[in-house]
Amino acid sequence: MSGPNTDYDPVEVAAVSPAEVEAARDAALAAIAAATDLERLKVVRSEHTGDRSPLALANREIGALPPQARKEAGQRIGQARGAVNQAFGARQAELEVEHEARILVEEAVDVTLPTDRDPVGSRHPLTTGAELIADIFVAMGWEVAEGPVIEAEWLNFDALNLGPDHPARTMQDTFWTDPGEDHLVLRTHTSPVQARTMLSRGVTDDAPIYVVCPGRVFRTDEYDATHSPMFHQVEGLAIDKDISMAHLKGTLDHFASQMFGEGITTRFRPSYFPFTEPSAEVDLVCFVCRGVNPEACRTCRGEGWIEWGGCGIVNPRVLQACGIDSSRYSGFAFGMGIDRTLMFRHGLEDLRTLFEGDVRFTTAFGSEL
Ligand code: DAH
């Protein structure tokens, strides 16, 4: 059996000489300090601490030293390697911080820069608003009817019981077209669509009339925050057997709550329109104060109610003028401003914002509804 190799033959191993180890350590420290980014530091690390690095080779040579020399060499090389690893760790942390700081600057996004995308348009709130109104009625089985904006004087006035000498005819300041003998007007309300519908399709027990008519109307009004020579109305007409004021009230209450929310109903005040008898003004429960403590409410100015439109039971004279047997059929009608309705719904203070075509307004109010 062979015993331990006591007569060890010392070999000079150059790699573990103090000068070599120091030189290797200093070279590693210098390379680490000189690495200016993480990529470079990675290369430096494998060169100076990898398996083939001078310090790793020196470490391996320890085994070849005489036993009494190993401890001292092991300590020296261990310290050198420790110093290199520590320097590496510190430099790595430094470079990571720098890297993150640089990324934050380089990849910063200026959210205030104008974009070069094509802006997406949106439909005008009057269009979507008129559609919403039509939808409320279509959901009840009504139809939508339209008529021309240049209307026969007879349909705009006479058929609706506003004869040439009727005092109410002057209530509506009319735009007349040239030449006067054509007897054409820019329609002053959507009510002529009632007359057109009755004349064109008549009414039978099987085919009653339930139509809603949104559209553009014209009057010689000033252009200001609450008036415009062009505005929009919606007209409703129901002709059937045994139609009563109760049907009218129920219909308008439903319309109001669909438009303005649960609990917003209507009240009627006696009024006069030549085409309805009896006639009423329709008011809405104030959608701001809801009629609770209205004294402080700026919207209804203490009333608790807001004027919305006109309505009534269709005057038999109108039914007769439009070819409907008034002894068998009766009907109700109503009319209100769409612009005004939308102003309420969106809290708009100036009617003109609806007409000025500012795309910022359209985008803000045209997308909902
Ligand atoms: N046409 C009326 C106006 O423009 C509004 C109106 C009132 C319409 C009563 C109606 C109605 O159908 O019954 O002022």
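What comes next is a walk through the structure.

What counts and how
- Residues numbered from 1 in each chain as written.
- Predicted model: local features only at pLDDT ≥ 70, side-chain atom pairs only at ≥ 80, totals over all residues.
- Heavy atoms only, no water.
- Buried < 20%, exposed > 50% of the residue type's maximum accessible area, 1.4 Å probe, protein only.
- Helix = DSSP H or I, 4+ residues; strand = E, 2+ residues; numbered from the N terminus.
- Pairing = 2+ DSSP bridges.
- Lys, Arg positive; Asp, Glu negative; His and termini not counted.
- Salt bridge = Lys/Arg side-chain N within 4 Å of Asp/Glu carboxyl O.
- Polar contact = N/O pair within 3.5 Å; in protein donor to acceptor, adjacent residues only side chain to side chain.
- Contact = heavy atoms within 4.5 Å.
- Core = buried A, V, L, I, M, F, W, Y, C linked by side-chain atoms within 4.5 Å.
- Axes fitted to C-alpha atoms, helices over the stretch in contact; angles between N-to-C directions.
- Near = heavy atom within 4 Å.
- Areas by Shrake-Rupley, 256 points an atom, 1.4 Å probe, with all protein chains shown as cover.
- Nonpolar A, V, L, I, M, F, W, Y, C, P; charged D, E, K, R; others polar.
- Expected span 1.5 Å × (residues − 1).
- Arc of directions from axis to C-beta.

### Looking at the pairing of strand 9 (residues 330–337)
- Where burial is concerned, most of strand 9 is hidden: eight out of the eight residues are buried.
- Judged by which residues are buried, strand 9 turns out to be covered on both faces: Ser330, Phe332, Phe334 and Met336 on one side and Gly331, Ala333, Gly335 and Gly337 on the other are all buried.
- When strand 5 (residues 230–240) meets strand 9, the two strands line up antiparallel, connected through eight bridges. Note that in strand 9 the partner of Leu237 across the bridge is Ala333.
- As defined by bridge partners, strand 8 (residues 305–314) adjoins strand 9 across five bridges and the pair is classed as antiparallel. Residue pairing in the sheet places Gly312 in a bridge with Ala333 of strand 9.

### Things to note about the side chain of Asp240
- In this structure, Asp240 sits in strand 5.
- For Asp240, which is buried and forms no salt bridge, the nearest opposite charge comes from Lys241, at a distance of 7.8 Å.
- Here the side chain of Asp240 touches Tyr210 through a polar contact of 2.7 Å, side chain to side chain.
- Among residues more than four places away in sequence, those in contact with Asp240 are Pro208, Tyr210, Tyr329 and Ser330.

### Considering the nonpolar core
- Grouped together as the largest cluster of nonpolar side chains are 42 residues, with contacts concentrated most on Phe255, Trp308 and Phe334.
- Secondary structure elements with two or more residues in this core: helix 5 (125–138), strand 5, helix 8 (245–260), strand 7 (276–285), strand 8, strand 9 and helix 10 (338–346).
- Setting aside chain neighbours within four positions, we find Phe255 in contact with Ile133, Ile136, Phe137, Val234, Trp308, Phe334 and Met336.

### Structural notes on the pairing of strand 4 (residues 209–218)
- Counting buried positions over the ten residues of strand 4 gives eight, a clear majority of the element.
- Pairing of strand 1 (residues 143–144) with strand 4 involves two bridges; the strand directions are parallel. Paired with Glu143 across the bridge in strand 4 is Val211.
- Pairing analysis gives ten bridges linking strand 4 to strand 5, with the strands arranged antiparallel.

### As for the sheet that holds strand 7
- If you walk across this open sheet you meet the seven strands as 1-4-5-9-8-7-6, and the pairing is mixed. Among the strands making up the open sheet, the edge pair consists of strand 1 and strand 6 (266–273).
- Along the sheet, helix 7 (residues 192–201) contacts strand 1, strand 4, strand 5 and strand 9; its crossing angle with strand 4, the most-contacted strand, is approximately 140 degrees.

### Observations regarding the site of the ligand
- Surrounding the ligand, one finds 16 residues, the nearest of these being His189, Ser191, Arg219, Gln233 and Glu235.
- A distance of 3.1 Å separates an oxygen atom of the ligand from a polar side-chain atom of Gln194.
- Glu235 places a polar side-chain atom, nitrogen or oxygen, 2.6 Å from an oxygen atom of the ligand.
- Taking 360 Å² as the accessible area of the ligand by itself, protein coverage stands at 92%.
- Elements with a contribution of two residues or more to the shell around the ligand: strand 5, strand 8 and strand 9.
- When the residues that make up the shell around the ligand are grouped by side-chain class, the tally is five nonpolar, nine polar and two charged.

### A word on the environment of Val21
- Inspection of the secondary structure puts Val21 in helix 1 (residues 18–34).
- In this structure the C-alpha to C-alpha distance between Val21 and Asp116, which are 95 residues apart in sequence, comes to 62 Å.

### Description of helix 2 (residues 38–49)
- A rise of 1.5 Å per residue sets the reference length of helix 2, with its twelve residues, at 16 Å; its end C-alpha atoms lie 16 Å apart and thus fit the reference within 8%.
- Every buried residue belonging to helix 2 is among Leu41, Val44 and His48, and all of these are buried. With its buried residues spanning 60 degrees around the axis, helix 2 presents them on a single face. Opposite the buried face of helix 2, by more than 90 degrees, sit the exposed residues Glu39 and Lys42.
- In this fold, the buried residues of helix 2 make contact with helix 1 and helix 4 (67–106).
- A side-chain oxygen of the first residue of helix 2 lies 3.2 Å from the backbone nitrogen of Glu39; this N-cap is Asp37.

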